[in-house]
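# Tertiary structure, described
The residues making up each chain are set out below.
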4 protein chains.
Amino acid sequence: MFFASDNASGVAPEVMAALCAEGGSALPYGGDPVTAEVTALVREIFAAPEAEVALVASGTAANALALATLTPPWGAVFCREGAHVEADECGAAEFFSAGAKLVTLPGEGGKLAPETLEAALARFTPGDLHAVRPAALSLTNVTELGTVYQTSEVAALSAVARTRGLLCHLDGARFANALVATGATPAAMTWRSGIDALSLGGTKNGLLGAEAVVLFDPARAEELRIRRKRSGHLLSKHRYLAAQMRAYLADGLWLRLARQANEAAARLASGLSGLPDVQLQHPVEANLLFVDLPATLCRRARDAGAVFYDYGATGDHMTVRLVCSWNTTDADIAEFLAILR
Amino acid sequence: MFFASDNASGVAPEVMAALCAEGGSALPYGGDPVTAEVTALVREIFAAPEAEVALVASGTAANALALATLTPPWGAVFCREGAHVEADECGAAEFFSAGAKLVTLPGEGGKLAPETLEAALARFTPGDLHAVRPAALSLTNVTELGTVYQTSEVAALSAVARTRGLLCHLDGARFANALVATGATPAAMTWRSGIDALSLGGTKNGLLGAEAVVLFDPARAEELRIRRKRSGHLLSKHRYLAAQMRAYLADGLWLRLARQANEAAARLASGLSGLPDVQLQHPVEANLLFVDLPATLCRRARDAGAVFYDYGATGDHMTVRLVCSWNTTDADIAEFLAILR
Amino acid sequence: MFFASDNASGVAPEVMAALCAEGGSALPYGGDPVTAEVTALVREIFAAPEAEVALVASGTAANALALATLTPPWGAVFCREGAHVEADECGAAEFFSAGAKLVTLPGEGGKLAPETLEAALARFTPGDLHAVRPAALSLTNVTELGTVYQTSEVAALSAVARTRGLLCHLDGARFANALVATGATPAAMTWRSGIDALSLGGTKNGLLGAEAVVLFDPARAEELRIRRKRSGHLLSKHRYLAAQMRAYLADGLWLRLARQANEAAARLASGLSGLPDVQLQHPVEANLLFVDLPATLCRRARDAGAVFYDYGATGDHMTVRLVCSWNTTDADIAEFLAILR
Amino acid sequence: MFFASDNASGVAPEVMAALCAEGGSALPYGGDPVTAEVTALVREIFAAPEAEVALVASGTAANALALATLTPPWGAVFCREGAHVEADECGAAEFFSAGAKLVTLPGEGGKLAPETLEAALARFTPGDLHAVRPAALSLTNVTELGTVYQTSEVAALSAVARTRGLLCHLDGARFANALVATGATPAAMTWRSGIDALSLGGTKNGLLGAEAVVLFDPARAEELRIRRKRSGHLLSKHRYLAAQMRAYLADGLWLRLARQANEAAARLASGLSGLPDVQLQHPVEANLLFVDLPATLCRRARDAGAVFYDYGATGDHMTVRLVCSWNTTDADIAEFLAILR
């Protein structure tokens, strides 16, 4: 009953098999054939024949590299309160960008509204020498609260951003889960909706540790490559990142794993919603649930071995986050529900 | 016949087996039990019960994190010309440290001499407000030219450094090879010889991608942890770094693999030294060879499938680097020598 | 009728005379006798015999140097929404600190309340590796809205900050005006109320361009000196900064000039408050006024030559900021009021 | 007998008069009319109608802003050993550029030779992902050793730089002295010889504290303006920088003052060259002299009140630097020579 995070789950068997198959010797730093295959694969899947694909081993690296490539040191990056890039990466975006400023905006259910962005941008006078310069918008999809932006919502936000010349980043740590939830194509969810750079997550969805920055503007590709190297994120045995990503993207494994996680979450949500005094806090659209429940129930679940994180307390109630993963089993869910009943 | 680099070799079978064995779910970011075991193991092996152990996926990350933890932004870091941290990491040390200055010094056979360091330090007047501040010494062992510092040489250099308050870093991308070459203990080669922080390499010696910063001064441990997180180098599925490092250090696998590489290099050197018009450029003390040979021979080897890098040319002769690895076979060596004969 | 800003006013005659008197040759970079005198003078006035005094030519430099000396790159600096360091310095604090994060908090009338700070700090879990670290509090006195913190208010805020180990900075671009408004001593308004570093303004109060960072913790003095040099803010003909500051602080000139400005503002406020359809937005406690008035009046004043900045508009009303300075005359005020009548 | 540095001299009377004349109120941050005049004046003098002119109060600021505008964080900046930007600015270039690397090259008599630059550039393989990128050349004229580049020499160096895409910076802390020494026009010494950005010094030649970055590529102007603001170098009472620079450039004052300094140095050199056991170390082409003399003479001069800096010692001889300034008098020189005789 491990609901702490999807990065607590292990490596999907298909991915581990791919790692084991990668033997012998090969040129380091991405000079190997698997890396070339992955680039071709990503470009095909995203219908973006010129996209730059930079593999890294952590989501924070992917986000920070993407943002630093999109914004100058004096840029303002707009994101929602509680966005991972702002709240959970120890200032990585500021570090990689040499001091950009993250401007947080409120938003219902984990999502930004176009008007909120518009109002925030209106507070910056174009050409004002005294203020930082609006430079980028960063969205997260699946959001940190488990909700999902439709492609039309992404497009509406990026349209506002573009009126002021901002570039758009999508933190897709759970990108596959968002695709499964919306049925959108990778292209529709990204560049066709105005996204300039995507952090394409893999680690939370069955990889050992592999993410990709997918940069749709080839003019910035060289800068991204340099930034990756300079930050220590160009791995020498790069083919082992590539082997993970190839296994992930080939044959739709990434979507199958994400579907397993989303469906598990839906079953868990459905079970929880039948319980007295237990409340789901946001629509469960992907693989995360935020649940309000009595502290006694919470304790009982933990005593029985369930693992999950707290997200607040009011009176004798707790809010907890439950995350389903590709390896969450029906048995896990049934056991957890049984405890709460 | 892959002599390009030891990071071109694959993953040692024992290490891949350890990765495969790491299933189920576990707390992310190092909250898992394997990580705790690795810390204990490193402390035991280095006889350093308070050392901080920070696993990362690349050698550049290890070096840059270590140096940034040892020097302020206005610090000068002294190293040899051609040191990896200076020449091959795209300014990572400058980036992580927010602008420290790497001061390069000449040195015979890849090694710094204490007098050279002393003279360089003498050019900095203590308290001079206009100059950066001497802050750290960075040595590489095995050196970039394949030679090896004895522990007494490390101690002599760190002693000079300490007279001016510098902290000492050892880039041990090939640390196991240096231990095998010298017979020194890990403690003798590091803190007992005045080293404050070690980049303990694994990737070049059979790991998939795992290195450790071993920091002997616990007062700086929290800063190192923060810097790792902030730079995107704290991997979420951290246990897969830890599983590699545990397999590597437990039962002496690291030394066995390094010995294989060093011995292969010795055999290759011995074979080459018998060839007319072929010259070894530096003493072959570990697993790297620098060889001067006719350009025609060089071409012939490449045509036959040998892979290696050039390091210069004079007239009709080339200098090439040959690197042996844990997976270099006798057959590789015999075939290569046969081509050259 | 120049009410745009107090930095639009010229140089007080006493200060210009001091500059003219500074002839001949003298050691550069603060090695001159006037600089030593200024340090002694500041220490005496602040009853802080060990304080470090670093003169610079701009308020942004003073603020950014002070904050960078108080916080690590991964620190969070708490300040009020609209604080000059956050909104008007183009990210200088982020630049100087190598990426610290400014966290903005709401506050009535330009002032932070202790409970607001307390609540903000409570959102940071001690030791949380994923978040930046609460490191500093930055207050502005006189505030950006022209109100003034009493020493007890500063002390209450710094007390909250200290419970979490934060250091405290005071942006005193209009410090003299705050002293005059409150009657507090320099020591009471700073270190006796928990302030660790003060940006002591001079430029807005009659100097040509001179501010001081006054650092009450001598342990950080060397770092401040290095940061000033490295950022190009250690002027070579430093004695001309020192000559300004000596003229300013000796014989109470700074307080006389500030009193002139505050009294002019009081007279202006009193005149405005008698006008129909004209509203003061905040208590006028120092030399800044925020005035709500009909757009037609606003236009009429500008047509007659008055200079001031807009701060918003609602319907047919404008909000404007009026700043009085040491050189604001009774005639200016009378003329301005006459136009509005 | 103040020969320590030209920044030890005071403010030229014409400049102080200009400051005194600048009264009343005016818009801050360069919104005043004097600033506009200075921009027009510089453009006219340099025959560069689109040049961006950014005034700052220190030479380190000018150099660091110029270099940061010309190079990315991963750029290599080539300069001579002992260049002020490398040796005397406490890493300002690294700080402003977020970590660029200064690569020092040897050079006779304070001057770089084109072949030396060519050889250094040849060590960087284009597109090498592991190394920093050659980005800029920084020359100093008058050099740190008091010699002077002819315009043809500047052009030859910049031509080499351009073959590899480098931009060229000229540290002109003593630019007027170089013009006087060579008879070159401002345009010939800068953009017509391939210079992209000039640090135009004023402080060492009679100003209180004012320098200008003159940027000949208008495409980078906005970045320069932002960098100046963000680093605290946009002074609020900017007109007092502008007033200095206007007085300096109008009517050729800058060249008159520089001629006085150069001529004084020539007279001093001539007097010294007649002395036994006293040796000039480099051609005296501007206002700096490096003199080898017996330590006893050196002591005698200091005992008599002469002020100057040491630059080394061999046996019983010292090397000292003597700097003449616009305010060096014949009496100073005569007295100094008399002591040595």
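The structure we're discussing is the one just above.
What comes next concerns the included structure. (Residues numbered from 1 in each chain as written. Chains lettered and ligands numbered in written order. Predicted model: local features only at pLDDT ≥ 70, side-chain atom pairs only at ≥ 80, totals over all residues. Heavy atoms only, no water.)

## Examining the interface of chain C and chain D
Our working definition: Contacts are assigned to residue pairs with any non-hydrogen atoms lying within 4.5 Å of each other. Here's the idea: put two parts together, see how much 1.4 Å probe accessible area each one loses, and the total over both is what we call buried area. Any carboxyl oxygen of Asp or Glu that lies within 4 Å of a side-chain nitrogen of Lys or Arg is treated as forming a salt bridge with it. Labels follow the DSSP assignment, with helices taken as runs of H or I lasting at least four residues and strands as runs of E lasting at least two, numbered in each case from the N terminus.
At the interface, 47 residues of chain C touch 47 residues of chain D. In total, chain C and chain D occlude about 3,800 Å² of area from one another, counting both sides; carbon and sulfur atoms represent 61% of this. Of all residues in chain C, the largest losses of buried area upon contact with chain D belong to Phe95(C), Arg230(C) and Lys237(C), amounting jointly to 20% of the total for that side. Between chain C and chain D we count 0 salt bridges in total. Where the side of chain C that touches chain D is concerned, the elements lending two or more residues are α1 (13–21), α3 (59–70), α5 (92–96), α10 (221–230) and α11 (239–249) of chain C. Per-element accounting of the side of chain C that touches chain D gives the leading share, 4 residues, to α5(C).

## So, the sheet that holds strand β10 (residues 309–314) of chain D
Residue and element names in this part refer to chain D. We count it as follows: Strand pairing requires that DSSP identify at least two bridges connecting the strands.
In space, the 4 strands of this open sheet follow the order β8-β9-β11-β10, with antiparallel pairing throughout. Every other strand in the sheet has two partners, leaving β8 (279–280) and β10 as the edge strands with one partner each. In the sheet, strand β9 (residues 288–294) pairs with strand β11 (residues 317–323) via 7 bridges, with the strands oriented antiparallel. Its bridge partner being in β11, Pro-294 is matched across the sheet by His-317.

## Some words on the interface of chain A and chain B
For interface size, the figure often reported is the accessible area lost on association. As a reminder of what qualifies: Side-chain atoms alone can form a polar contact between residues adjacent in sequence; in general such a contact is a pair of N or O atoms within 3.5 Å, and within protein one must be able to donate a hydrogen while the other accepts it. The residue classification treats Ala, Val, Leu, Ile, Met, Phe, Trp, Tyr, Cys and Pro as nonpolar and Asp, Glu, Lys and Arg as charged. All others, Gly included, are polar.
On the chain B side, the residues contacting the 47 residues of chain A number 47 residues. Taking both sides of the interface into account, the surface hidden between chain A and chain B amounts to around 3,800 Å²; carbon and sulfur atoms contribute 61%. Of all residues in chain A, Phe95(A), Arg230(A) and Lys237(A) give up the largest surface area on contact with chain B, accounting jointly for 20% of the area buried on that side. Here chain A is connected to chain B by 0 salt bridges. Run the count over chain A and chain B and you get 29 residue pairs in polar contact (both at pLDDT 80 or more). Those elements that provide at least two residues to the side of chain A that touches chain B are α1 (13–21), α3 (59–70), α5 (92–96), α10 (221–230) and α11 (239–249) of chain A. By residue number, the principal contributor to the side of chain A that touches chain B is α5(A), which donates 4 residues. The residue makeup of the side of chain A that touches chain B, split by class, is 24 nonpolar, 15 polar and 8 charged.

## Quick notes on the nonpolar core
It is characteristic of soluble globular proteins that their nonpolar side chains tend to be buried jointly. Inclusion rule: Here, nonpolar core refers to any group of buried Ala, Val, Leu, Ile, Met, Phe, Trp, Tyr and Cys residues whose side-chain atoms link them within 4.5 Å. Working definition: with a 1.4 Å probe on protein chains only, accessible area under 20% of the residue-type maximum means buried, over 50% means exposed, and in between means partly exposed.
Residues Phe78(C), Leu137(C), Phe78(D) and Leu137(D) are the most contacted members of the largest nonpolar core, which totals 131 residues. When residues no more than four places from it in sequence are discounted, the contact partners of Leu137(D) are Phe78(D), Leu112(D), Leu117(D), Leu157(D), Ser158(D), Ala161(D), Leu166(D), Leu167(D), Cys168(D) and His169(D). With 130 residues, the next largest nonpolar core counts Ala131(A), Ala242(A), Val132(B) and Leu157(B) among its residues.

## Quick word on the sheet that holds strand β9 (residues 288–294) of chain B
Strand pairs in the sheet, formed through backbone hydrogen bonds, run parallel or antiparallel to each other. Residue and element names in this part refer to chain B. The condition is simple: Every angle, taken between N-to-C directions, lies between 0 and 180 degrees, and every axis is a line fitted to C-alpha atoms, over only the stretch in contact when it is a helix.
Read from one edge of the open sheet, 4 strands run β8-β9-β11-β10, paired in antiparallel fashion. Taken across any chain shown, the strands that pair with only one partner, and hence form the sheet edges, are β8 (279–280) and β10 (309–314). Packing of helix α12 (residues 253–273) onto the sheet brings it into contact with β8, β9 and β11 (317–323), and relative to β9 it is tilted by some 20 degrees.

## Section: the relation of the copies chain C and chain D
To keep things clear, this is the line we draw: To superpose the copies, least squares is applied to the C-alpha atoms of every residue with a pLDDT of at least 70 in both.
For the match of chain C to chain D, the screw axis carries a shift of 0.0 Å, the RMSD comes to 0.0 Å, and the turn is 180 degrees. Here the transformation between the copies is reduced to the relation of a two-fold axis. When the interface residues of chain C are mapped onto chain D, 100% of them again lie at the interface, so the same face is used by both copies.

## Comments concerning unusual backbone geometry
The bulk of non-glycine residues show a negative phi, and the bulk of peptide bonds are trans. Residues and elements named next belong to chain B. Here the residue pair Asn-141 and Val-142 is connected by a cis peptide bond, since its omega of -10 degrees sits within 30 degrees of zero. Within the secondary structure, Val-142 is located in the loop between β4 (133–140) and α7 (151–163). In the Ramachandran plot, Cys-90 falls in the positive-phi region, its phi being about 55 degrees despite a non-glycine side chain. Tracing the backbone through its elements, the reader meets Cys-90 in the loop between α4 (84–87) and α5 (92–96). With phi around 65 degrees, Asp-277 is a residue other than glycine that occupies positive phi space. Here Asp-277 shows up in the loop between α12 and β8.

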